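Structure at a glance
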Amino acid sequence: MDGAESTADPGGAPTPDPADPCGAPTVDAEALRRWVTAFCIIRFDLERGQVVEKSFPDPPSLPPEKLRVAAFSSFPDSMSHHLPQNRSSLHDSLFSFRLNNSASNSQSKDSSFLYGFVFNRQRQDPRLPRGGEQKSVVILTHLPFLALFKLLLQILGPLCFDIGHSALSLVAGHVAAWPDPVVGQPMELPIGNASLKIHLPPSPESPSPPSNLAIPHGLFHSADLFQSFRGIILRLWDLWELVLIGSPILLIAPTPSQCSEGILSLVSLIAPIPCNSDFRPYFTIHDPDFSKLNSLPNSSSFPSVLLGVTNLFFLKSLKNIPTIISIGNPNPNSTRTLQTNPKSNQISQFSPTKFFNNMKLKREGPLCLMTEHKEAVWSTYNGSTKPDTAVLNRLVDTGLGFRVSESGSVVNNEILRRHFLELTINFLAPFSEYFRAKNPSESLSPYVEAPAGELGFGKEEFLEGLRNRGPGKFLAKRMRNNWLDLYKRFLEGNNFTPWFKKRRENMQKEQERIWRQARMNCDIIKLMSKMSELEKVDLFNAIERFFLREIEIQNSETGTKESVPMIEKMKRDLRTVFDALPKDTQELLLSNPKRASHFLDLS
């Protein structure tokens with residue numbers, strides 16, 4: 001879950017107001033945009049293709065070409081269309097996609113990416129044209145809150161099919177009434193008779209990871225990591241490294257649900273490091289970025305992307321991508337057994353059959369998926385991290401079937417997430433010395449600029465020091481002799497610089513806060529007790545400089561309540577220092593008209 005808890009109270013879905021047959025409340029569009037860009041019902045028309053049947057707001061605040069791409073991304077590819085072979089049946093699925101939104105004219109608060117969360121219903125009926133129909137209910141938003149919007153879709157999706165288009169405005173009214181999103185905090189969001197209890201993931205801007213391991217440390221904490229990769233569980237450590245260093249990955253699965261869950265699981269794997277790769281949970285040939293990727297010369301390196309696809313055409317069009325993963329099962333009702341319990345021989349015992357099957361898969365390459373779907377990893381990457389057998393031995397035996405009990409999956413996800421969080425934090429430990437704030441000395445004046453606090457960082461010097469010190473006890477037991485190569489790749493990858501820069505910025509802000517508090521607590525009389533007259537004049541000038549800066553902050557948009565007591569404290573300190581100076585020095589200080597004018601306000 002994206003939160004420690006993510007549930008809907010069993011009160012039921014919202015219902016229309018009897019006094020309003022349409023159930024359409026007046027909706028504050030600006031308030032709605034804090035959470036959702038648009039709600040859409042999209043129908044697959046046999047003649048016209050994907051058609052936006054209804055939206056709220058109508059029309060949505062999106063360019064037509066962006067809405068068209070979103071509509072294409074809201075349905076399974078025809079080549080991955082697996083409906084149950086019953087005479088008449090319904091098949092509901094939830095999945096998500098992410099579109100480049102940088103060129104959009106949408107609201108400024110929207111990010112450069114647009115997320116789509118989809119409830120897709122496929123109905124098979126021989127009486128219908130072509131034997132079936134399908135329709136999707138879609139939430140378009142700038143917020144990557146997977147757990148929240150999944151819960152909301154589980155209410156909105158069925159409601160749209162029960163009461164029709166009015167469900168969009170009905171639910172939009174409830175969402176618009178929600179308070180502002182508070183990232184990194186638990187929230188309870190009412191939706192009719194239901195209540196969505198959610199712990200929103202922290203912002204990438206947050207100063208440091210939460211101390212509680214049970215709450216989200218990054219995006220997509222609710223993605224089902226275990227179920228997505230249980231068939232290739234031993235390769236999970238290699239995948240952690242690949243995402244960590246920003247290596248391109250193509251993930252193929254039979255359904256949009258499986259591929260989007262897989263990609264979001266990969267993104268969440270390196271928390272608390274924000275994933276700076278361009279990730280697309282469900283990517284189709286209709287996405288404008290496909291033509292850019294497809295036209296890359298064979299000699300050029302592949303950009304840092306994580307692509308989730310179902311269309312096997314990508315195997316040929318993006319054949320130069322260095323890592324291809326195949327997960328999932330074409331038939332969700334299959335009882336094909338998987339050895340997920342390491343005690344049962346997948347891990348602790350060598351299997352010649354498994355060895356030769358793996359060699360055969362590697363020799364055949366990913367194009368073997370054109371004839372039969374198999375779970376496997378094809379990669380040119382040589383990893384540094386060994387699978388942790390202690391973690392694997394703790395995984396709950398889920399019965400070996402493909403359909404995992406919810407409780408078993410929750411337990412296994414918790415085990416895996418805690419391990420990879422601990423692994424990532426220990427991997428980042430050698431960088432901690434570059435993020436230590438410097439506290440002011442009690443014997444020195446806090447009325448000086450806070451030191452930069454930045455220990456100069458050089459990649460070569462860092463690697464040399466790390467080589468001499470070693471990886472640390474935790475990593476030493478879990479990594480191979482080539483462990484330093486992982487650090488080299490991380491420093492060269494696209495995740496390191498944004499993460500390192502943000503941590504340094506947060507450290508500098510924390511240092512400013514510490515020094516500001518030291519000025520608030522400063523005993524000015526004690527500080528002056530051993531100062532000469534010249535030093536007291538310098539102190540006066542220093543306090544005045546910070547005093548004027550604090551007034552400027554208070555008058556700006558960034559001003560806070562803390563500025564008021566800080567200004568009052570500095571006023572007293574200025575007066576105290578001024579009164580301790582000889583008369584002639586006081587007159588000299590007041591000879592500056594600007595200083596004299598604002599100094600009169602201190603009286």
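Here's what I pulled together on the structure shown here. (Residues numbered from 1 in each chain as written. Predicted model: local features only at pLDDT ≥ 70, side-chain atom pairs only at ≥ 80, totals over all residues. Heavy atoms only, no water.)

1. Thoughts on the overall build of the protein chain
This is how it is decided: Segments assigned H or I by DSSP are reported as helices when at least four residues long, segments assigned E as strands when at least two residues long, and all are numbered from the N terminus. The classification of residues rests on relative accessible area computed with a 1.4 Å probe and restricted to protein chains. Under 20% of the type maximum is buried, over 50% is exposed, and intermediate values are partly exposed. Only heavy atoms enter the contact rule, under which two residues are in contact if any of them lie within 4.5 Å. Each accessible area value is a Shrake-Rupley result obtained with a 1.4 Å probe; residue values ignore everything except the protein chains displayed when judging cover.
Looking only at helices and strands, the protein chain features 21 helices and 13 strands. Among the 603 residues that make up the protein chain, the fraction classed as buried is 51%. Counting contacts in the protein chain only where the partners sit at least 6 residues apart, residues at least 24 apart contribute 75% of the total. Working note: accessible area of the protein chain is about 28,800 Å², and carbon and sulfur atoms make up 52% of it.

2. Digging into the packing of helix α16 (residues 496–521) against helix α19 (residues 563–579)
The condition that has to hold: Whenever a helix is involved, its axis is fitted only over the stretch in contact; in every case the axis is a line through C-alpha atoms, and angles between N-to-C directions fall within 0 to 180 degrees. Roughly parallel means an angle under 35 degrees; roughly antiparallel, over 145; roughly perpendicular, 65 to 115; everything else is oblique. Crossing handedness follows the turn of the near helix against the far one: under a right angle anticlockwise gives a left-handed crossing, and clockwise gives a right-handed one. Throughout, the ten residues Ala, Val, Leu, Ile, Met, Phe, Trp, Tyr, Cys and Pro are labelled nonpolar, Asp, Glu, Lys and Arg are labelled charged, and all others, Gly among them, are labelled polar.
One way to put it is that α16 packs onto α19 with a least axis distance of 9 Å and a crossing angle of 50 degrees. Viewed along their axes, α16 and α19 adopt a mutual orientation that is oblique. Relative to α19, the crossing made by α16 is left-handed. When α16 is examined against α19, the residues Arg516, Arg519 and Met520 are found in contact with a partner set consisting of Ser563, Pro565, Met566, Lys569, Met570 and Asp573. Of the residues belonging to the contact of α16 with α19, the class tally is four nonpolar, one polar and four charged.

3. Focus: the sheet that holds strand β3 (residues 49–56)
Keep this limit in mind: Only when DSSP finds a minimum of two bridges between them are two strands counted as paired.
An order of β3-β2-β6-β5-β4 is seen for the five strands of this open sheet, with the pairing classed as antiparallel. If you trace the sheet from one side to the other, it starts and ends with β3 and β4 (89–100), each paired once. Ignoring which end each strand starts from, the neighbouring axes of this sheet average 20 degrees apart. When strand β5 (residues 113–124) meets strand β6 (residues 132–141), the two strands line up antiparallel, connected through ten bridges.

4. Here's the deal with helix α15 (residues 483–492)
The line we're drawing: The reported arc concerns the directions from the helix axis to the C-beta atoms and nothing else.
All of the buried residues along α15 are Trp483, Leu484, Leu486, Tyr487, Phe490 and Leu491. For α15, the angular spread of the buried residues around the axis is 150 degrees, confining them to a single face.

5. Quick notes on empty space enclosed by the protein
Just so we agree on the cut-off: Only protein atoms enter the 1 Å grid, on which a cavity is a set of points fitting a 1.4 Å probe that cannot get out and a pocket is an open set with protein on both sides within 12 Å along at least 5 of 7 lines, lining residues being those with an atom within 4 Å of a point. Grid points are joined across faces, edges and corners, and a volume is the space filled by probe spheres set on the points.
By the definition in use, this model includes two cavities of 30 Å³ or more. In this structure, the largest cavity spans a volume of roughly 160 Å³. Taken together, 15 residues make up the lining of the largest cavity; nearest its centre are His221, Ser268, Ala271, Arg417 and Leu421. In terms of residues, the lining of the largest cavity owes the most to one element, helix α12 (residues 406–428), which gives five residues. Broken down by class, the residue content of the lining of the largest cavity amounts to eight nonpolar, four polar and three charged. Reported here for the second largest cavity is a volume of approximately 60 Å³. If you go around the second largest cavity, the residues you meet are Leu94, Phe95, Ser96, Phe117, Val118, Leu146, Lys150, Leu153, Ser260 and Glu261.

6. Here's the deal with helix α13 (residues 459–469)
Listing the buried residues of α13 in full gives Phe462, Leu463, Gly465 and Leu466. Buried positions in α13, seen along its axis, are confined to an arc of 165 degrees and lie on one side of it. Along α13, the residues that are exposed and aim more than 90 degrees away from the buried face are Glu460, Glu461 and Asn468. Structurally, α13 contributes buried residues whose contacts are with α15. Following α13 by one or two positions, glycine 470 adopts a phi angle in the positive range, close to 95 degrees.

7. Side note on the nonpolar core
Here is the rule: Nonpolar core, defined: a set of buried Ala, Val, Leu, Ile, Met, Phe, Trp, Tyr and Cys residues in which side-chain atoms within 4.5 Å join the residues together.
Counting 117 residues, the largest nonpolar core has Trp35, Phe39 and Phe431 as the members making the most contacts within it. By residue number, the principal contributor to this core is helix α3 (residues 146–163), which donates eleven residues. If we skip the residues at most four places from it in the chain, phenylalanine 39 touches Leu32, Lys54, Ser55, Phe56, Val138, Ile139, Leu152, Leu156, Leu168, Val171, Ala172 and Val175.

8. Observations regarding the sheet that holds strand β12 (residues 323–326)
Think of a sheet as strands paired side by side through backbone hydrogen bonds, with each pair either parallel or antiparallel. An order of β10-β11-β9-β12-β13 is seen for the five strands of this open sheet, with the pairing classed as mixed. The sheet is open, and its two borders are formed by β10 (278–280) and β13 (376–379), each paired with just one other strand. On average, each strand axis in the sheet is inclined to that of its neighbour by 10 degrees, with strand direction left out of account.

9. A short note on the packing of aromatic side chains
Threshold: Pairing of aromatic rings covers Phe, Tyr and Trp, the last through its six-membered ring, and needs centres within 6.5 Å; plane angles under 30 degrees mean stacked, over 60 mean edge-to-face, and all others mean tilted.
This model, assessed by the stated rule, comprises 36 aromatic pairs. Considering the side-chain rings of phenylalanine 283 and phenylalanine 314, the 5.8 Å spacing of their centres and the 45 degrees angle between planes classify their relative orientation as tilted. A residue pair is termed long-range when its members are at least 10 positions apart, and phenylalanine 283 in the loop between β10 and α8 (288–294) and phenylalanine 314 in helix α9 (residues 314–317) qualify at 31 residues. An identical accessibility class is assigned to phenylalanine 283 and phenylalanine 314; each is buried. Relative to phenylalanine 496, the ring of phenylalanine 457 lies with its centre 5.6 Å away and its plane at 35 degrees, an arrangement referred to as tilted. Of the two residues, phenylalanine 457 sits in the loop between α12 and α13 while phenylalanine 496 sits in helix α16, which places them 39 residues apart along the sequence. Judged by relative accessible area, which is 24%, phenylalanine 457 ranks as partly exposed. For phenylalanine 496, a relative accessible area of 3% puts it in the buried group.

Purely geometric stuff here, so don't read any function into it on its own.
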